[in-house]
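# Structural features, examined
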Amino acid sequence: MKDQVEGDIAIRQYLLGGLTAENLRQFEERLMTDDDYFQQLLAAESELIDDYVSDALTAQQSKSFETHFLCTPERHEQLRFARAFSQYGSSAPEAAGTLSAPPVTHTTASTAPVDKAASWKDYIPAFLRVQHPATGLALACSLLIIIFGGGWMLAKIRRLEKQVAQFQTDHTIPLPTDSDAQRPLEEARAQAMQLREELQRERKAHEKSEQELARQREQNRSGSETAIQAQRPASGVPKPERAAAFAIALSTGLTRDAGGLQKVSIPPHVTNVQFTLELETDEYPNYRATLQTPERREIVTREKLKARSRNGSKIITFTIPARHLSGGDYLVILAGITTNGEAKNLGTYTFRVLDN
Amino acid sequence: MPVTGKQEWILTQEAFDLLLDWLSPDREQAGRIYEQVRCKLIRIFAGRGCFAAEDMADETINRVAKKVHEISDTYVGDPSYYFYGVAQYILLEHSRKKPVVLPPPPPVQDSADDLEQEYECLEKCMQHLPERSRELVIEYYLKAKSNKSEHRRELAQRLGIALNALRIRAFRIRATLQDCVRACLRQNAPA
């Protein structure tokens, strides 16, 4: 806890430009190598901005915020957002109900104690209560089968035990000396032995079904917990995928005719766009690709590109930062570069970037 | 890209691929590391008061990409240190250059129109959030006007998670909102 507080103080000092040179270097190295610490920094930035918006900073801190922290356009954008967010908080209706933990509680020390002791009756509906009715029905049916099957086997075992007991009682008379008279007795003994063996088998089968019943109960309880957990709505939006590259494949021959123009929509998280151009033939050692506006204003050029094969055709790939591609029409001019350094125009690839 | 005085080096596809391979043999993982490193470099340059933090971060990456074919076989350790080392050089160069007259930063107070547009976009984006995320982000950032620390600690306890985990979860939802608002503003921007 103390480390957390000290860490937060260090982060805030860093954001307001208050660290010494030596501490600054150590802090920056930690940012580069410790992803968790970097996440804390990002979270702390937002909280600092919110404190500024709500006048929770001291005069000195506010001054440092304005002169040091607000040095980039991105941070000004964050400040604008924070102001709108604060306004939203003031004018939005109260959230319906207090946010609380999802239905399944974690078995940690921090869990608050329940108000009353749960009785065995509370558990029966709980583990049978599953989201999907078919699953619940299947579980209920299998449970019933196990219960009835176990009951039937128990009844049969008891019947057999009674028969054995009865048999034993009936045959407690002294053994006849006559050998002929012994035969029925031996037969009876054999039968008793057989019955005993059968009783053993039934007992084993009963134990097995008891174990199976217990396992099924356990499975049903954990299965319903898993189902409930799987159904729990995400409390956070998955971390947005910050794609390194967004791919666009272009081919020549498309004009600026609205029906034929290739249209692309670049997601806001993308920072780099990878272009793939199809070639008819690969005649040059190098290629040059130039991104232009329709007014022939050059935006970015990529030199010394090499053609490579893919699925039997020749392609060229290159990457351009997505910030050069706001909404509008664009041309990619492809030129082949001879060994003398001469450029031969090979074609124009056109496309339109849609606004998100 | 800042001019260094030498012939400007352009990041080729081959060099970019080599850079990603150095960061990780898994291309997706390499992309994620690349994004993280770039994000961190931007923060470090901004933390040093540099207006063109993004450009300086890109320049750092370009220089590392230029050297990767020399160092990839022999370099041992976390590549992040190498990026940081190059960033230090760029900071040094930046501090030695004749100061460039930069455009003045936008005024601290935004216009009412800008705020109104931002607010409208925010309202729309809040509706797109899952209900639980919306509640969490409101409760974490907006509910407690005073004694925020205590309120957030109590919220973390109620949710059964550590305070740090709550902080980062709330921040990620806020970052998603910000991206949504940015996209909305771009869509509504006058042509």
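In short, a report on the structure. Everything numeric here is computed off the predicted structure, so don't read it as measured data.

## Brief notes about helix α4 (residues 59–69) of chain A
Residue and element names in this part refer to chain A. Taken as a whole, α4 has its buried residues at Ser-62, Ser-64, Phe-65, His-68 and Phe-69. Taken around the axis of α4, the buried residues stretch over an arc of 160 degrees, which confines them to a single face. Counted as exposed and oriented over 90 degrees from the buried face of α4: Ala-59, Gln-60, Lys-63 and Thr-67.

## Points about the state of the cysteines
All names here are of chain B. Under the counting rule described, the total for this entry stands at two disulfides over all chains. Residue Cys-121 pairs covalently with Cys-184 via a disulfide, S to S 2.1 Å. Judged by the sign of its S-S torsion, about -75 degrees, the bond between Cys-121 and Cys-184 is left-handed. Here Cys-121 is found in helix α5 (residues 112–128), whereas its partner Cys-184 is found in helix α8 (residues 163–188), with 63 residues between them in sequence. Classification of Cys-121 as buried rests on a relative accessible area of 1%. Covalent S-S linkage joins Cys-125 and Cys-180, the inter-sulfur distance amounting to 2.1 Å.

## Digging into the interface of chain B and chain A
Facing 83 residues of chain B, the contacting portion of chain A comprises 81 residues. Between chain B and chain A, roughly 8,000 Å² of surface is buried when both sides are summed, and carbon and sulfur atoms account for 56% of that area. Of all residues in chain B, the largest losses of buried area upon contact with chain A belong to Arg-43, Arg-132 and Arg-167 of chain B, amounting jointly to 10% of the total for that side. Between chain B and chain A we count 13 salt bridges in total. In this structure, Asp-50 of chain A engages Arg-174 of chain B in a salt bridge whose closest nitrogen and oxygen atoms are separated by 2.7 Å. Counting across the interface, chain B meets chain A through 21 residue pairs in polar contact (both at pLDDT 80 or more).

## Focus: helix α3 (residues 53–71) of chain B
Residues and elements named next belong to chain B. Relative to the 27 Å expected for 19 residues at 1.5 Å per residue, α3 spans 26 Å between its end C-alpha atoms, a close match to the ideal helical length. Remark: the principal bend of α3, roughly 30 degrees, maps to Ala-65. Along α3, the residues classified as buried are Ala-53, Met-56, Ala-57, Asp-58, Glu-59, Thr-60, Ile-61, Asn-62, Val-64, Ala-65, Val-68 and Ile-71.

## Structural notes on the pairing of strand β7 (residues 313–321) of chain A
Residue and element names in this part refer to chain A. Across the nine residues of β7, seven count as buried, placing the element largely inside the fold. Direction of pairing for strand β3 (residues 272–279) relative to β7: antiparallel, over a ladder of eight bridges. Note on β7: the bridge partner recorded for Phe-275 is Phe-318. Remark: two residues form the turn of the hairpin made by strand β6 (residues 308–310) and β7, two consecutive strands paired antiparallel; Asn-311 in that turn has positive phi of roughly 50 degrees.

## What to know about the sheet that holds strand β2 (residues 262–265) of chain A
Residues and elements named next belong to chain A. Spatially, β2-β9-β8-β4-β5 is the arrangement adopted by the five strands of the open sheet, whose pairing is mixed. Only two strands of the sheet have a single neighbouring strand rather than two, namely β2 and β5 (298–305). Strand-to-strand twist in this sheet, taken as the mean axis angle between neighbours without regard to direction, amounts to 25 degrees. As judged from the four bridges shared by β2 and strand β9 (residues 343–354), these two strands associate in the parallel manner. Directly across from Val-264, in β9, lies its bridge partner Val-353.

## Let's talk about the pattern of salt bridges
All names here are of chain B. Considering all chains together, one arrives at 35 salt bridges over all chains under this definition. For Arg-63, the salt bridge goes to Glu-59, with nearest N and O atoms at 2.8 Å. Note that Arg-63 and Glu-59 are positioned in helix α3 at a spacing of four residues, about one turn of the helix. Given a relative accessible area of 22%, Arg-63 falls into the partly exposed group. A salt bridge links Glu-139 to Lys-143, with the nearest nitrogen and oxygen atoms 4.0 Å apart. Placement of both Glu-139 and Lys-143 in helix α6 (residues 131–143) is noted, with a separation of four residues, approximately one turn of the helix.

What counts, and where the lines are drawn
Residue numbering note: each chain is counted from 1, following its sequence as written. Labels follow written order: the first chain is A, the first ligand is 1, and so on. Where totals are concerned, whole chains, interfaces and linings use all residues; where local detail is concerned, this predicted model gives features only for residues with pLDDT of at least 70, and gives and counts side-chain atom pairs only at 80 or more. By convention in this description, side-chain values take in all heavy atoms of the structure and omit both hydrogens and water. For every residue, the accessible area (1.4 Å probe, protein chains only) is compared with the maximum for its type, and the residue is labelled buried under 20%, exposed over 50%, or partly exposed between those bounds. Segments assigned H or I by DSSP are reported as helices when at least four residues long, segments assigned E as strands when at least two residues long, and all are numbered from the N terminus. By arc we mean the arc of the directions from the helix axis to the C-beta atoms, nothing more. In plain terms, two cysteine sulfur atoms within 2.5 Å form what is called a disulfide here. Contacts are residue-level and defined by heavy atoms, with any inter-residue pair within 4.5 Å sufficient. The term buried area refers to how much accessible surface (probe radius 1.4 Å) is lost by two components on association, counted for both of them together. What counts as a salt bridge is simple: a side-chain nitrogen of Lys or Arg found within 4 Å of a carboxyl oxygen of Asp or Glu. For the purposes of these results, a polar contact is taken to be a pair of N or O atoms within 3.5 Å, where, inside protein, one atom must be able to donate a hydrogen and its partner to accept one; residues adjacent in sequence count only when each atom of the pair is a side-chain atom. Residue count minus one, scaled by 1.5 Å, sets the expected span of a helix. Bend angle per residue: angle between axes fitted to the 7 residues ending at that residue and the 7 residues starting there. Note on pairing: two strands pair once DSSP finds at least 2 bridges between them. Axis definition: a line fitted to C-alpha atoms, limited for helices to the stretch in contact. Angles are taken between N-to-C directions and run from 0 to 180 degrees.

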